[in-house]
Amino acid sequence: MTTSPASNVAFASQKSLPSENLRRKKLPLTEEEVFYMNCRAAYLTVFKSSLENIISKDQLYLALQHAGRNPSQKTINKYWTPQTAKLNFDDFCVILRKEKPTSKAELLKSFKQLDVNDDGCISHTDLYKFLAKRGEKMTPEEVNSIINLPDVNAGGKFDYIKFCKLYMMTSGQCLKTALEKLEADSKLRCQQFGSHMEEFSERDSPSVPKLSPGIRRQSDQGAFSNKGDNRASLLSTARKFKASVSCTISMAANSNHNSKLTEPNLKDWRCAQSRGCFFLEEDGEVVSHQYRTHLARSSAVYLTIKPLSLSQVEGKRGKLSRWLSVDTALYILKENENQANLQLICCTELRNREVFGWTGELGPGVYWLIPSTTGCRLRKERKPVTEEAQLVYRDGTGQLFLTEEFRAALSDIFEVIDLDGNGLLSLEEYNFFELRTSGEKCDEDAWALCREHFETKKNELTRQGFMDLNLMEARDLEGDPRDLWVTLHSMGYDAALELTEACPFVIDLYAERCEPRTKAVRMEASSGQLEKATCQSVLRQGEAKAMAGCEDIIIHTRSCGFRITSVIENKSDNKAIIHVNNELSQNCVNNRGPNIFAVEVAPHSTMVCQHVMPLNERQEWTHHCVYSLIS
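Residues numbered from 1 in each chain as written. Predicted model: local features only at pLDDT ≥ 70, side-chain atom pairs only at ≥ 80, totals over all residues. Heavy atoms only, no water.

### Observations regarding the overall build of the protein chain
Now for step 1: What the protein chain contains, in helices and strands, is 19 helices and 28 strands.
Now for step 2: A sequence separation of at least 24 residues applies to 74% of the contacts in the protein chain between residues at least 6 apart.
Now for step 3: Carbon and sulfur atoms form 48% of the exposed surface of the protein chain, whose accessible area is close to 30000 Å². (Helix = DSSP H or I, 4+ residues; strand = E, 2+ residues; numbered from the N terminus. Contact = heavy atoms within 4.5 Å. Areas by Shrake-Rupley, 256 points an atom, 1.4 Å probe, with all protein chains shown as cover.)

Structure (structure tokens):
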């Protein structure tokens, strides 16, 4: 299954698995290796290379924040003296080793000194006096930005317990974001970082960093001190949130009734049907087929998308297939001149139960259909499977066969990859399957060999031929199921042979005055063209709110009855880290998972922040979110 037909037919070579390295168990990192990995991640969030130097206090401050630290001005001045011209990566590592992250207990202790009523709150008057009048003073504008944070202020009081929780989560998220960015960039993983390499040979301890003269002199003078200034930590914590804005949307139960999809009279309309699938990747991103459609003339169009019901699995173990509750949508884009120039036309925002659709008039030309799911209901399965399903067995003569359960799964896979729904697999359809499961394509010569050895009709592979091809592969492997499982996992199946990390769908395109022609042309992650289309749609139709204190950061929110989408627009010249807090939402689930998280938005760009849907559509749901800019 993970080899091309030619390899199967010729029995010529054993397949190599693209995911083989991923399946190998890695030795756990030592504490020292974890430390330097965190240092690299934070440094490379600010700089393109570890060979670049820190050349300003602002750069040092930003890099320390990405490492989850909470530097006060006093701390910055300790390492950046009037004689300091630059610091290198090794200097940065030493600073991180000496400056431990601020603990929640330290922060609480700082605030508790001002809590005269011992109720977890500080009056705004007392907070203002402390921050603006004493010690390392804040400006009135900085104090107001703290007092105006909506999720920690109410009734003229500052809830410092909530604030400490907010800060600790944000500091951890800064480091987590930096690590995820480092992991995602294979080029960065291969770099040499200062005196340290990404991999340590034979688990040797790294050598002591070579420090710049300025840092060494400070160390000799005892400048590195673990004694934290609690008050300075308080001020630095307060300065971490530069601006914020909140959004509240209340939705009634079954709130999609105002966007009811009504099917027109389709008598004499011509239809093009296409199938496809959403696949959930290891990092949580969703990959799906994308389609190109041609209309020869202007026509009224009725377009729908819905989850594909698979007859073999329907009612398995007495329960409904979980992917049938996954939300789906289609973005329709007009191709102008070339495929790089796509114009957003509309999105399927009407709904009738599990069917999402759009009806309207489209002119002649080429259109792209980009399927979408929010990810609120298609997400990683956390429940572990205790027992792995059996894929093959031997009969009394020792002959190898596929189990009935495995054959049922293969039959469902056939339904999913049969993109035109004609009951046969063309070479193009089979190659989508091959690329998904093995990363390789089957060429014309290999396909010809496949047709010679397995049942075909009209030069396309039948369901029985597909079964026989997989049986032959199992026999080639002498019953070893590991390669078979690679294919199954790639197609979204878990160890119990249940489809948990994929959602097959079907698209129906009806045209009144011409014959529509639709063809799957590629598979792409949601971060590509779909991300652009979603941002365009929300910016065009959503409500915009600029952050108080930072007008260049704008939150766009779009509600369409059954889901809410927010997009962050960054008009500034600098990247922005936005802290997102959904804790006060009720009966809601978002595609990110946790209620509190942070995202990084590049300068002069837009990004989809989150999708939100109701946990229970039969009940009212309220989305309340606070977006805060982290300095």
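### Some details on the packing of aromatic side chains
Now for step 1: Inspection of the entire model under this criterion finds 17 aromatic pairs.
Now for step 2: Seen from their ring centres, Tyr302 and Tyr510 are 6.0 Å apart, and the 40 degrees between their planes marks the pair as tilted. Here Tyr302, found in strand 9 (residues 299–307), pairs with Tyr510, found in strand 19 (residues 502–511); they are 208 residues apart in sequence, far enough to count as distant.
Now for step 3: Residue class for Tyr302 comes out buried when judged on its relative accessible area of 4%.
Now for step 4: A ring pair is formed by Phe414 and Phe466, whose centres lie 5.9 Å apart and whose planes are at 55 degrees; its orientation type is tilted. Of this pair, Phe414 sits in helix 14 (residues 404–417) while Phe466 is found in helix 17 (residues 463–476), placing the two residues 52 residues apart along the sequence. (Phe/Tyr/Trp six-rings, centres within 6.5 Å; stacked < 30°, edge-to-face > 60°. Buried < 20%, exposed > 50% of the residue type's maximum accessible area, 1.4 Å probe, protein only.)

### Here we look at the sheet that holds strand 2 (residues 153–154)
Now for step 1: On the basis of which strands lie adjacent, the open sheet formed by three strands has the order 1-3-2 and antiparallel pairing. Because the sheet does not close on itself, it has two edges, and the strands there are strand 1 (121–123) and strand 2.
Now for step 2: Where strand 1 meets strand 3 (residues 157–159), three bridges bridge the pair, whose relative direction is antiparallel. Across the sheet, residue Ile122 finds its bridge partner in strand 3, namely Phe158. (Pairing = 2+ DSSP bridges.)

### Details of the side chain of Gln529
Now for step 1: Inspection of the secondary structure puts Gln529 in helix 19 (residues 529–541).
Now for step 2: When sequence neighbours within four positions are dropped, the list of residues in contact with Gln529 reads Leu333, Leu342, Ile370, Arg522 and Glu524.

### Here's the deal with the packing of helix 4 (residues 57–66) against helix 6 (residues 89–98)
Now for step 1: Orientation of helix 4 relative to helix 6, taken along the N-to-C sense of each, is 55 degrees, at an axis distance of 11 Å. By the angle class used here, helix 4 and helix 6 are oblique. The two elements helix 4 and helix 6 meet at a crossing, and its hand is right-handed. Listed contacts from helix 6 to Leu60, Ala63 and Leu64 of helix 4 are Phe92, Ile95 and Leu96. (Axes fitted to C-alpha atoms, helices over the stretch in contact; angles between N-to-C directions. Parallel < 35°, antiparallel > 145°, perpendicular 65-115°, else oblique. Left-handed = near helix turned anticlockwise from the far one by under 90°.)

### Things to note about the sheet that holds strand 25 (residues 588–590)
Now for step 1: Strands sit in the order 21-22-23-27-25 across an open sheet of five strands; the sheet is antiparallel. At either margin of the open sheet sits one strand with a lone partner, and together these are strand 21 (543–547) and strand 25. Going from strand to strand, the sheet's axes swing by 25 degrees on average, the running direction of each strand aside.
Now for step 2: Where strand 22 (residues 550–559) meets strand 23 (residues 564–570), seven bridges bridge the pair, whose relative direction is antiparallel. Within the sheet, the bridge partner assigned to Ile553 lies in strand 23 and is Asn570.

### Side note on unusual backbone geometry
Now for step 1: Not every positive phi belongs to a glycine, and Arg353 is a case in point at roughly 60 degrees.
Now for step 2: Position of Arg353 relative to the elements: it lies in the loop between strand 12 (350–352) and strand 13 (355–362).
Now for step 3: A positive phi angle is found at Asn459, which is not glycine, with a value near 65 degrees.

### Observations concerning the nonpolar core
Now for step 1: In terms of nonpolar packing, the biggest core is built from 73 residues, with Ile413 and Phe466 touching the most fellow members.
Now for step 2: Mapped onto the domain boundaries, this core takes at least three residues apiece from domain 4 (267–378 + 504–525) and domain 5 (393–500).
Now for step 3: In terms of nonpolar packing, the next biggest core, distinct from the first, is built from 25 residues, Ile555, Ile564, Ala576 and Val599 among them. (Core = buried A, V, L, I, M, F, W, Y, C linked by side-chain atoms within 4.5 Å. Domains from an automatic or database assignment.)

### Quick notes on the environment of Asn53
Now for step 1: Considering the arrangement of structural elements, one finds Asn53 in the loop between helix 3 (31–46) and helix 4.
Now for step 2: Separated by 35 residues in the primary sequence, Asn53 and Asn88 have C-alpha atoms spaced 4.8 Å apart.
Now for step 3: Residues within four places of Asn53 in sequence aside, it is in contact with Tyr43, Phe47, Gln59, Lys86, Leu87 and Asn88.

### Concerning the pattern of salt bridges
Now for step 1: Within the structure shown, the criterion is met by 18 salt bridges.
Now for step 2: With its nearest N and O atoms 2.7 Å apart, the salt bridge here joins Asp118 to Lys112.
Now for step 3: Its salt-bridge partner being Lys519, residue Glu428 comes within 3.3 Å of it at the nearest N-O pair. With Glu428 in helix 15 (residues 427–437) and Lys519 in strand 20 (residues 517–525), this residue pair connects regions lying 91 residues apart in the sequence.
Now for step 4: Within the structure, one salt-bridge network assembled from shared partners comprises Arg275, Glu415 and Arg463. (Salt bridge = Lys/Arg side-chain N within 4 Å of Asp/Glu carboxyl O.)

### Quick notes on the confidence of the model for the protein chain
Now for step 1: Of all residues in the protein chain, 81% have pLDDT values of 70 or greater, and the mean over the chain is 82.
Now for step 2: Counting interchain partners and residues more than four positions distant, the pLDDT-below-50 stretch residues 5–26 has 34 contacts.
Now for step 3: Ignoring residues within four places in sequence, the model shows residues 186–210, a span with pLDDT below 50, making 50 contacts including any to other chains. (pLDDT = per-residue confidence, 0-100.)

### Side note on the side chain of Gln610
Now for step 1: Within the secondary structure, Gln610 is located in strand 27 (residues 605–614).
Now for step 2: Looking at Gln610, its side chain comes within polar contact range of the side chain of Asn582, at 2.9 Å.
Now for step 3: Engagement of the side chain of Gln610 in a polar contact is seen with the side chain of Tyr627, the distance being 3.5 Å.
Now for step 4: Once residues lying within four places of it in the same chain are set aside, the contact partners of Gln610 are Ile564, Thr565, Ser566, Val580, Asn582, Asn590, Asn591, Arg592, Phe597, His623, Cys625 and Tyr627. (Polar contact = N/O pair within 3.5 Å; in protein donor to acceptor, adjacent residues only side chain to side chain.)

### What to know about the packing of helix 15 against helix 18 (residues 482–490)
Now for step 1: Closest axis-to-axis distance for the helix 15/helix 18 pair is 9 Å, and the angle between their directions is 110 degrees. Taken together, helix 15 and helix 18 sit at an angle that is classed as roughly perpendicular. The residues of helix 18 that touch helix 15, namely those facing Phe433, Arg436 and Thr437, are Val486, Thr487 and Ser490.
Now for step 2: Here the contact of helix 15 with helix 18 is composed, by residue class, of two nonpolar, three polar and one charged. (Nonpolar A, V, L, I, M, F, W, Y, C, P; charged D, E, K, R; others polar.)

### Describing helix 7 (residues 104–112)
Now for step 1: Three or more residues of helix 7 are buried, namely Leu107, Ser110 and Phe111. Buried residues of helix 7, viewed axially, fall in a sector of 95 degrees; they line one side. Residues of helix 7 that are exposed and point more than 90 degrees away from the buried face comprise Ala105 and Lys109. (Arc of directions from axis to C-beta.)

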